[in-house]
Amino acid sequence: MSADQILDALDPEQRDVATALHGPVCVLAGAGTGKTRAITHRIAYGVRVNAYNPQSVLAVTFTARAAGEMRERLRALGAQGVQARTFHAAALRQLSYFWPQVVGGQIPQLVEQKASLVGRAARQVGLSPDRLTVRDLASEIEWAKVSLVGAEDYPQVTADAGRPAPAGVERRQVADVMRAYEEAKTEAVVLDFEDILLLLADMIGRHGEVGEQIRRQYRHFVVDEYQDVSPLQQFLLDQWLGGREELCVVGDPAQTIYSFAGASPRHLLDFPRTHPDATVVRLVRDYRSTPQVVNLANGLMAARGSARTGVELVAQRPSGPDPSFTAYDDDSSEAAAVAERIERLIASGISASEIAVLYRTNSQSEELEDALAHRGIGYLIRGGRRFFDREEVRKAMVLLRGAAVSATEAPLGEQVRDAIADAGWSEQAPSARGAVRERWESLQALVQLADDFDADGGGSATVREFVEHLGERAQAQHAPAVEGVTLTTMHAAKGLEWDAVFIVGCSEGLMPISLAEAPEAVEEERRLLYVAVTRAREHLMLSFARSRKAGGRASRKRTRFLERWWPEAGRTPTRRAKAAGKVADLDADQAHLFEALRAWRLDLASESSKPAYTVLTDASLVEIAQQRPSTIGALASVRGVGASKLDQFGAQILRVVADN
């Protein structure tokens, strides 16, 4: 692609991101606004106009899947050679390279699970921990390390912050466990994931030649999901930069949902202050969701009554169905109704892989699994065993390596199907449910990936090239899509999207979770629901069960977060609810004009630093969209548009109407 073609694929705000090639850049990007497109096109544009050497760019993400997607997009844009990795993957690569030079020998083994070492450490300091206590202590150790809180400071820091000690253990005992845990690692000669970042940052700080070599290699940094950066990750990023400001950060404060693990939106929110010369761009055009979904998402964040920290989304898609709100008698009834609705969606032509059921805790999946299995609907639980670690996938890759040696002239898809038949793949899906069906779905995902890979290669891809492609994806844990309804927690759904989303368990105690007692914890639960809502492109169904078991006491209440939207007989709708109902009644052309008017209102409100509703209310915008006034006199008949509004905004409103 030429430089002009790279820019032509972007909207005006995304183009502002892509052309801001130097100096500190801060992108506030709402859900579905195309942030990955913006930053990958920025990198590709910089490479195309020779502002960047591709090998000098390091793009950092938070998940291997996101890093893999970014590499694929950059490759398609002609920006091969750019490094796109997670914080840990980038740090491990650098630490492994410099360790023999600075420390000597090979880097110690990485321990993926802390449980056994934490349990040993706890017993050494006189505790008798059960499995859950060990888990909670391990999480607290991770939080302390990513928050740069040492054992000696832990009691005071957590007391000042009002952070309760885990599992009822006293703060000083937690500090003792932290010390014993570090000693246990040293004795076992192993490192944990947090050590990778800590040791590399320390190595750069202590050894100037290491920092100089890294900075000569990487001159331009891009950090995605910057609202989730921990103090430790920010510290490492500062070491990488070494005082330079060739940094572009992208994030959304409204999607900060990992504070319990040390993430903080402070770095994103303070970026313009810490970098006074920064270019700040706001991406607000939501290309993912319908106006109905976007209105609910915006309302959730505006409902806090405090200053907005994210962006107000402006839907770009045509109007769609209203979100549904349903209360059921018990968990089984809720799961059965969800499965029935999913069956109808699939029958209407929506692929099972484009449907997801989201819940707050993993324990909620059991009833859903039973209900889906009862109807013969395939599903996969996200967050289970990694795709490339599954036995059937490993066997298939061995068979494919063998097929690469004796490849024929047949199309790639045909050769792949022949090769993995011995791993259990067949043309027809098995009628059996459970593990048998899940194994077939995994192999079918490889078949579909082969077809897509061949199509991208113009129909001439070889088995050897496909095997190499699989190897790259396996290394990055970039799993292909598996056909089946996705069951996953709201946290694990971040960064994903589906045509239809069911959010179950929308009741107090689950949303917000009962453990969220402090105001800031409750607000994080609100943001979590916002993330869940914005995963939906078109269909959004929210529900809760009044009782856990059939015949049980109906003690559960719907979540406070949805109070103003939840329909209830005899309740007078709020002004916002009435406006939302009127928006749902707009046809496609009217909805398009309504969103254009909202975008105009948002720009005007941003310039004057006032809430959007002080310009005009949603109800007034709906009426303008319905009447399409072409004169000042006609505009004056709209409720809420008085003489002062006409003087201030009349000409602008008529221009927006004429342009749309």
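Residues numbered from 1 in each chain as written. Predicted model: local features only at pLDDT ≥ 70, side-chain atom pairs only at ≥ 80, totals over all residues. Heavy atoms only, no water.

Looking at an unreviewed UniProt entry, one finds the protein chain named DNA 3'-5' helicase and attributed to Demequina muriae. Taken verbatim from the UniProt record of the protein chain, the Sequence similarities (unreviewed entry) comment is "Belongs to the helicase family. UvrD subfamily." (UniProt positions renumbered as here; feature names shortened; annotations may be inferred.)

A. Examining the UniProt feature "domain: UvrD-like helicase ATP-binding" (unreviewed entry) in the protein chain more closely. Annotation from UniProt places "domain: UvrD-like helicase ATP-binding" (unreviewed entry) at residues 8-290. Between the end C-alpha atoms of residues 8-290 there is a gap of 24 Å, over a span that is 52% helix and 12% strand. (Helix = DSSP H or I, 4+ residues; strand = E, 2+ residues; numbered from the N terminus.)

B. Here's a closer look at helix α5 (residues 87-102). The end-to-end C-alpha distance of α5, which contains 16 residues, comes to 21 Å, matching closely the 22 Å that a straight helix rising 1.5 Å per residue would cover. Helix geometry: α5 is bent most strongly at Ser96, by close to 25 degrees, with proline Pro100 lying one to four residues after it. By the burial criterion, the buried members of α5 are Phe87, Ala90, Ala91, Gln94, Leu95, Phe98 and Trp99. Looking one or two places after α5, you find Gly104, whose phi comes out positive at around 100 degrees. (Expected span 1.5 Å × (residues − 1). Bend = angle between axes of the 7 residues up to and from the residue. Buried < 20%, exposed > 50% of the residue type's maximum accessible area, 1.4 Å probe, protein only.)

C. Here's a closer look at helix α12 (residues 231-241). The element α12 is largely enclosed, with a buried count of eight among its 11 residues. Among the residues of α12, those classed as buried are Leu232, Gln233, Gln234, Leu236, Leu237, Gln239, Trp240 and Leu241.

D. View of the sheet that holds strand β13 (residues 379-381). Taken in spatial order, the six strands make up an open sheet running β11-β16-β15-β12-β14-β13, and their pairing is parallel. Since the sheet does not close on itself, it has two edges, and those belong to β11 (324-330) and β13, each with one partner. Mean inter-strand twist for the sheet, computed between neighbouring axes without regard to direction, equals 25 degrees. As judged from the six bridges shared by β11 and strand β16 (residues 536-547), these two strands associate in the parallel manner. Bridge assignment links Thr326 to a residue of β16, and that residue is Ser543. Sheet strands touched by helix α15 (residues 291-302): β11 and β16. Its angle to β16, the strand with the most contacts, is close to 55 degrees. (Pairing = 2+ DSSP bridges. Axes fitted to C-alpha atoms, helices over the stretch in contact; angles between N-to-C directions. Contact = heavy atoms within 4.5 Å.)

E. Quick look at the pairing of strand β2 (residues 57-61). Across the five residues of β2, five count as buried, placing the element largely inside the fold. Of the two faces of β2, the one lined by Val57, Ala59 and Thr61 and the one lined by Leu58 and Val60 are each fully buried. Relative to strand β6 (residues 220-223), β2 runs parallel, the two being bridged by four bridges. Counterpart to Leu58 in the pairing with β6 is Phe221.

F. Representation of the sheet that holds strand β8 (residues 279-283). Strand order in the open sheet formed by six strands is β3-β2-β6-β7-β1-β8, and the pairing between neighbours is parallel. Of all strands in the sheet, those with a lone pairing partner are β3 (83-86) and β8, marking the two edges. Averaged over all adjacent pairs, the angle separating strand axes in this sheet is 15 degrees, with direction ignored. As paired strands, strand β1 (residues 25-29) and strand β7 (residues 247-251) are joined by four bridges and run parallel to one another. Each residue of the ladder has a partner; that of Leu28, found in β7, is Gly251. In this fold helix α2 (residues 12-19) packs onto β1 and β8, with an angle of close to 150 degrees to the strand it touches most, β8. Packed onto the sheet, helix α4 (residues 64-76) meets β2 and β3 and runs at close to 170 degrees relative to β3.

G. Fine view of the pattern of salt bridges. One pass over the full model with this rule turns up 41 salt bridges. A salt bridge links Arg344 to Glu340; the nearest nitrogen and oxygen atoms lie 3.8 Å apart. On the criterion of helical spacing, the pair formed by Arg344 and Glu340 is a turn pair, its members being four residues apart in helix α16 (residues 331-347). Glu595 serves as the salt-bridge partner of Arg598, at 3.2 Å between the closest nitrogen and oxygen. Here Arg598 pairs with Glu595, and both are found in helix α24 (residues 588-608), just three residues apart, close to one helical turn. Considered together, Arg598 and Glu595 belong to a single accessibility category, that of buried residues. In this structure, a network of salt bridges that share partners links the residues Lys35, Asp224, Glu225, Asp228 and Lys494. (Salt bridge = Lys/Arg side-chain N within 4 Å of Asp/Glu carboxyl O.)

H. Inspection of the pairing of β16 at higher detail. Burial analysis of β16 places 10 of its 12 residues in the buried class, the great majority of the element. In this structure, strand β15 (residues 498-503) lies alongside β16, joined through five bridges in parallel fashion. Note on β16: the bridge partner recorded for Trp498 is Ala536. For the crossover from β15 across helix α22 (residues 519-533) to β16, the handedness is right-handed. (Right-handed = clockwise from strand over helix to strand, strands pointing away.)

I. Quick look at the side chain of Asp286. Among the structural elements, Asp286 can be located in strand β9 (residues 285-286). Buried and unpaired, Asp286 has no salt bridge, with Arg288 as the nearest side chain of opposite charge at 5.6 Å. The contact partners of Asp286, leaving out residues within four places of it in the chain, are Ala31, Gly32, Thr33, Val294, Leu313, Val314, Ala315, Gln316 and Arg317. (Lys, Arg positive; Asp, Glu negative; His and termini not counted.)

J. View of the nonpolar core. Judged by nonpolar contacts, the single largest core of 76 residues is most densely connected at Leu236, Trp240, Ile503, Val533, Leu540, Leu542 and Leu562. Tallying contributions element by element places α22 first for this core, with seven residues. Leaving out residues up to four positions away in the same chain, Leu542 has contacts with Leu296, Pro323, Ser324, Phe325, Thr326, Ile503, Cys506, Val533, Leu562 and Trp566. Within the second largest apolar cluster, 31 residues are counted, among which are Leu7, Leu10, Ala44 and Val57. (Core = buried A, V, L, I, M, F, W, Y, C linked by side-chain atoms within 4.5 Å.)

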